[in-house]
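# Tertiary structure, described
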Amino acid sequence: PNKGGDALLSALADAVGVYYNYSKTRECFDTRHGSNDDSDEDGELWDYQYCTEMFMPMSRDGARDMFFSQPWNETDAVLECERRWGVRPKTSWATTVFGGKRLSWASNVVWTNGYLDPWAGLGVQESLSPSLVAMMLPGGAHHLDFMWSNDLDPEPVIEARKTQMRLLRQWILNKYQAVAARGETIAEL
């Protein structure tokens, strides 16, 4: 059906309200802050990590998305990190440390992508080896599998957590066994 501007604006307000007014107690949304103090703290922590470890280009063109145009400007991003946190980003640190697209050099990683996560399209979507495991989660959202469990969690997220725990336990056991085979203990490393 053809929806007019008012109907589209109302639908957008409802969508934004899922984040900013999940309690349904607010009359207005304050988009300068998160939905609660914990969300604000999470945003602050991510911003610091972005400036110190995970510096990455982010932009939008305003034509192929619903946002205003905001081209990537590395100089401005570096200056903002210096102003806000007093740190100068190492612009290639994550690529250097984590290997960029050379993922096969890694081991013991689980990548999860929820179908409801807007970042999922940029994630690793196919397992590369038994120790480089990708999981696609129907009903999953950004980091949902890392959050505390909830009665409303979708079954694929519940199963993903079980798989993650099983893999982590196995990888830790493998490490202990490898160290023991050398006649050492973890405490000696």
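Heads up: these notes are all about the structure in this document. These figures come from a predicted structure and were not determined experimentally.

Our focus in this paragraph is the pattern of salt bridges. Within the structure shown, the criterion is met by 8 salt bridges. As a salt-bridge pair, Asp 47 and Arg 84 come within 2.7 Å of each other at their nearest N and O atoms. On the criterion of sequence distance, the pair formed by Asp 47 in helix α2 (residues 37–52) and Arg 84 in helix α3 (residues 74–85) is long-range, its members being 37 residues apart. Where salt bridges share partners, they join Glu 44, Asp 47 and Arg 84 into one cluster.

Take the state of the cysteines next. Under the criterion given, the structure shown has 1 disulfide. What pairs with Cys 51 in a disulfide is Cys 81, and their sulfur atoms sit 2.1 Å apart. Because the sign of the S-S torsion sets the handedness, a value of about -75° for the bond joining Cys 51 and Cys 81 places this disulfide among the left-handed ones. Of this pair, Cys 51 sits in helix α2 while Cys 81 sits in helix α3, and the two are 30 residues apart along the sequence.

Next up on the list: the side chain of Thr 112. Checked against the element boundaries, Thr 112 lands in strand β1 (residues 109–114). On the basis of relative accessibility, which here comes to 18%, the residue Thr 112 falls in the buried class. When near neighbours in sequence (up to four residues on either side) are disregarded, Thr 112 contacts Met 135, Leu 137, Asp 145, Phe 146 and Gln 164.

Cut-off values and rules
- The residue numbers shown here count from 1 along each chain, following its written sequence.
- For a predicted model such as this one, the threshold for reporting local features is a pLDDT of at least 70, and the threshold for listing and counting side-chain atom pairs is 80 or more; totals across whole chains, interfaces and linings nevertheless cover every residue.
- Side-chain numbers come from the whole structure's heavy atoms, not from hydrogens or water.
- One speaks of a salt bridge when a side-chain nitrogen belonging to Lys or Arg is within 4 Å of a carboxyl oxygen belonging to Asp or Glu.
- By the criteria applied, helices consist of DSSP H or I runs no shorter than four residues and strands consist of E runs no shorter than two, each listed in order from the N terminus.
- Sulfur atoms of two cysteines make up a disulfide when they are within 2.5 Å.
- Relative accessibility thresholds used throughout: buried, under 20% of the residue-type maximum; exposed, over 50%; partly exposed, between the two (1.4 Å probe, protein chains only).
- What makes two residues a contact is simply this: any of their non-hydrogen atoms within 4.5 Å.

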